[in-house]
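Single-letter residue listing:
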Amino acid sequence: MAGGGGGMMCKGKFVFPVFASFLILTAFACVSGAKTIYVPDDYEKIQWAVDNASNGDTIIVRDGVYVENININKPNLTIKSENGSANCVVRAAEYDDVFYVAADNVNISGFTIKGGLYGIRLYHAENCYITNNNVSENLNGIFLWYSSNNIVRGNDVSGNEYGILLDDSSSNSITSNDIISNNVLGIDLDYSNNNKIAKNNVSSNDHGIHIEDSDNNFISNNTVFFNDWVGIYLHFSKNNTIMSNIVYLNNESGISVDASNNTLIVNNIANSNNGYGICLSFSIINRTIFASHSNIIKNNIVNQNYLGGINIITQIITQYLTTPQIRTTTVASSCLIRAKTASQATTYRTMGMMVSPYGFRAKTSSQTTAYRITGMMASTWGIRATTSYISTTS
């Protein structure tokens, strides 16, 4: 019995190291087993290469024009051109996604992508890299849908209807892209939070950067110009930061914050726009005015904008206050309301609203002079309040 027991112990001592070594060798074999597949050498189509790829494989696509729609539903793949986007074109065979990605850790790099309903679409995908592609002549350029923690960097997204779109997508990084001459939107975020939009060139689109129902995003160091509408637009969004952007020569206002709260607008240059440099405004839904409140605007350079520097639009408030059938209107704002005439100012003050004939409040005459010299609207008699409830009767 003792000898048998000793033998078993001795056997156990050797079994564990052998088993551990087997696991290590198996893991090493899996990693080292990742292979490089060439298109068209190994497979004529990119889709066939994807279908036959394994976890960790790299697919290199040689120069040429490929007409196909590519569906990627397996993780940990790298698909890249051999010599860059100028030499490797993927055109949609059918009007659908050119690249459809429904898997994590997929890298797509170095292609010209044309002719699809979506150039590249990520769906429930995480930790993907979309880099150095030329995405043009699609309905939607790059679209992230329910996708998080992805990087979209160094792409040329031009000549689509929509440029880069995020819908219900969070914690993505959209950086250093050229988003030019898209017919509707340059960059669009809907219901998307905690994203970084930085160092992009957004120009000659209909809308520049459009943020809708999206919170805690960081929009910084973008150059936004020559767009047909607003450069950077926030609507029904909160806790966003707009910092160190250069916003100029847009056909409407440079930066517009509409029914959005707790926005930090700091260190931007907003010059030579056809509307205001920076505009705080509001929306009306079911007879309720949703104003922008608790926003901070500081250290911006705002010069030579056609309608003025920093302002709030009040035409809709004026209309609602003078419309008999609207009996009760709720106004919530911590910003200044702009009055064009002394009688308007008196009326607004009586109702407890914040009033300024220029839309920007200066506390001293020297501030007023300084603001006016730099092209900003200034007033030394603005009245500050927080929330006012205004009732009108027929």
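Definitions and cut-offs
Residues numbered from 1 in each chain as written. Predicted model: local features only at pLDDT ≥ 70, side-chain atom pairs only at ≥ 80, totals over all residues. Heavy atoms only, no water. Salt bridge = Lys/Arg side-chain N within 4 Å of Asp/Glu carboxyl O. Helix = DSSP H or I, 4+ residues; strand = E, 2+ residues; numbered from the N terminus. Buried < 20%, exposed > 50% of the residue type's maximum accessible area, 1.4 Å probe, protein only. Contact = heavy atoms within 4.5 Å. Patch = residues over 30% accessible without salt bridge, like charges linked within 9 Å, V, L, I, M, F, W, Y side chains within 5 Å. Areas by Shrake-Rupley, 256 points an atom, 1.4 Å probe, with all protein chains shown as cover. Core = buried A, V, L, I, M, F, W, Y, C linked by side-chain atoms within 4.5 Å. Pairing = 2+ DSSP bridges. Axes fitted to C-alpha atoms, helices over the stretch in contact; angles between N-to-C directions. Phe/Tyr/Trp six-rings, centres within 6.5 Å; stacked < 30°, edge-to-face > 60°. Lys NZ or Arg CZ within 6 Å of the ring centre and 35° of its normal.

(A) Summary view of the pattern of salt bridges. A full pass over the atoms with the stated rule returns 6 salt bridges. Its salt-bridge partner being D57, residue K35 comes within 2.8 Å of it at the nearest N-O pair. You can see K35 sitting in the loop between α1 (2-32) and β1 (36-39) and its partner D57 sitting in the loop between α2 (46-51) and β2 (58-61), a full 22 residues away along the chain. Accessibility expressed as a relative area gives 36% for K35, which makes it partly exposed. A residue is classified by how much of its surface remains accessible, and D57, at 1% relative accessible area, is buried. Note that E137 is salt-bridged to K114, the shortest N-O span being 3.8 Å. Taken together, the residues E137 in the loop between β12 (134-136) and β13 (140-145) and K114 in strand β9 (residues 112-114) connect sequence positions 23 residues apart. Look at E137 and you get partly exposed, because its relative accessible area is 47%.

(B) Up close: the environment of I187. When you line up the elements, I187 lands in strand β19 (residues 185-190). When the C-alpha atoms of I187 and G163 are compared, they prove to be 5.9 Å apart, with 24 residues separating the residues in sequence. Setting aside its immediate chain neighbours within four residues, I187 contacts I164, I179, I197, N200, V202, G208, I209 and H210.

(C) Region of the structure containing a nonpolar patch on the surface. A cluster of nonpolar side chains, namely I246, I269 and I301, defines an oily patch on the protein surface of about 220 Å² accessible area. Inspection of the secondary structure puts I246 in strand β27 (residues 246-248). I246 sits in the partly exposed class, given a relative accessible area of 38%.

(D) Structural view of the nonpolar core. Grouped together as the largest cluster of nonpolar side chains are 58 residues, with contacts concentrated most on I72 and F99. Apart from the residues within four sequence positions on either side, F99 is in contact with I70, I72, V90, I108, F111, I113, G119, I120 and R121.

(E) Structural context of unusual backbone geometry. Here the amide bond leading from V39 into P40 is cis, since omega sits at 10°, within 30 degrees of zero. Along the chain, P40 falls in the loop between β1 and α2. The backbone phi angle of Y146 is positive, close to 50°, even though this residue is not glycine. Along the chain, the position of Y146 falls in the loop between β13 and β14 (151-153). One non-glycine residue, N239, lies in the positive phi region at around 60°.

(F) Molecular detail of the sheet that holds strand β23 (residues 218-220). Pairing is parallel across the open sheet formed by 12 strands, whose spatial order is β1-β2-β5-β8-β11-β14-β17-β20-β23-β26-β29-β34. The open sheet is flanked by β1 and β34 (296-298), the only strands paired with a single partner. Taken over all neighbouring pairs, the strand axes of this sheet differ in orientation by 10° on average, direction set aside. Direction of pairing for β23 relative to strand β26 (residues 241-243): parallel, over a ladder of 3 bridges. Residue pairing for β26: I219 is matched across the bridge by I242.

(G) View of the side chain of S214. Checked against the element boundaries, S214 lands in the loop between β22 (207-212) and β23. In contact with S214, not counting residues within four places along its chain, are L189, D190, Y191, S192, N193, F236, S237, K238 and N240.

(H) Highlighting the packing of aromatic side chains. Counted under the stated rule, the structure contains 8 aromatic pairs. Judged by centre distance (5.7 Å) and plane angle (35°), the rings of W145 and Y146 are tilted. For W145, a relative accessible area of 28% translates into the label partly exposed. For Y146, a relative accessible area of 37% corresponds to the partly exposed category. Every member of this aromatic cluster is reached through a ring pair, and the members are Y118, Y123, F143, W145 and Y146. Over the aromatic face of W48 sits the side chain of K45, whose NZ or CZ is 5.9 Å from the ring centroid.

(I) Spotlight on the environment of N216. Locating N216 in the fold gives a position in the loop between β22 and β23. Overall, the relative accessible area of 37% leaves N216 in the partly exposed class. Each C-alpha atom of the pair N216 and N193 lies 5.6 Å from the other, and the pair is 23 residues apart in sequence. Those residues in contact with N216 that sit more than four places away from it in its chain are N194, N195, K238, N239 and N240.

(J) Broad picture of the environment of V61. Position of V61 among the secondary structure elements: in strand β2. Overall, V61 belongs to the buried group, its relative accessible area being 0%. Once the C-alpha coordinates of V61 and C88 are considered, the two residues, 27 residues apart in sequence, prove to be 7.5 Å apart. The residues contacting V61, other than those within four sequence positions of it, are V39, I46, Y66, K80, S81, E82, C88 and F111.

(K) Broad picture of the sheet that holds strand β6 (residues 88-91). Taken in spatial order, the 10 strands of this open sheet run β3-β6-β9-β12-β15-β18-β21-β24-β27-β30, and their pairing is parallel. Strands at the two margins of the open sheet, each flanked by one partner only, are β3 (64-67) and β30 (269-271). For this sheet, the mean inter-axis angle between neighbouring strands, taken without regard to orientation, is 10°. As paired strands, β12 and strand β15 (residues 156-158) are joined by 3 bridges and run parallel to one another. Counted as the bridge partner of S136 is S158 from β15.

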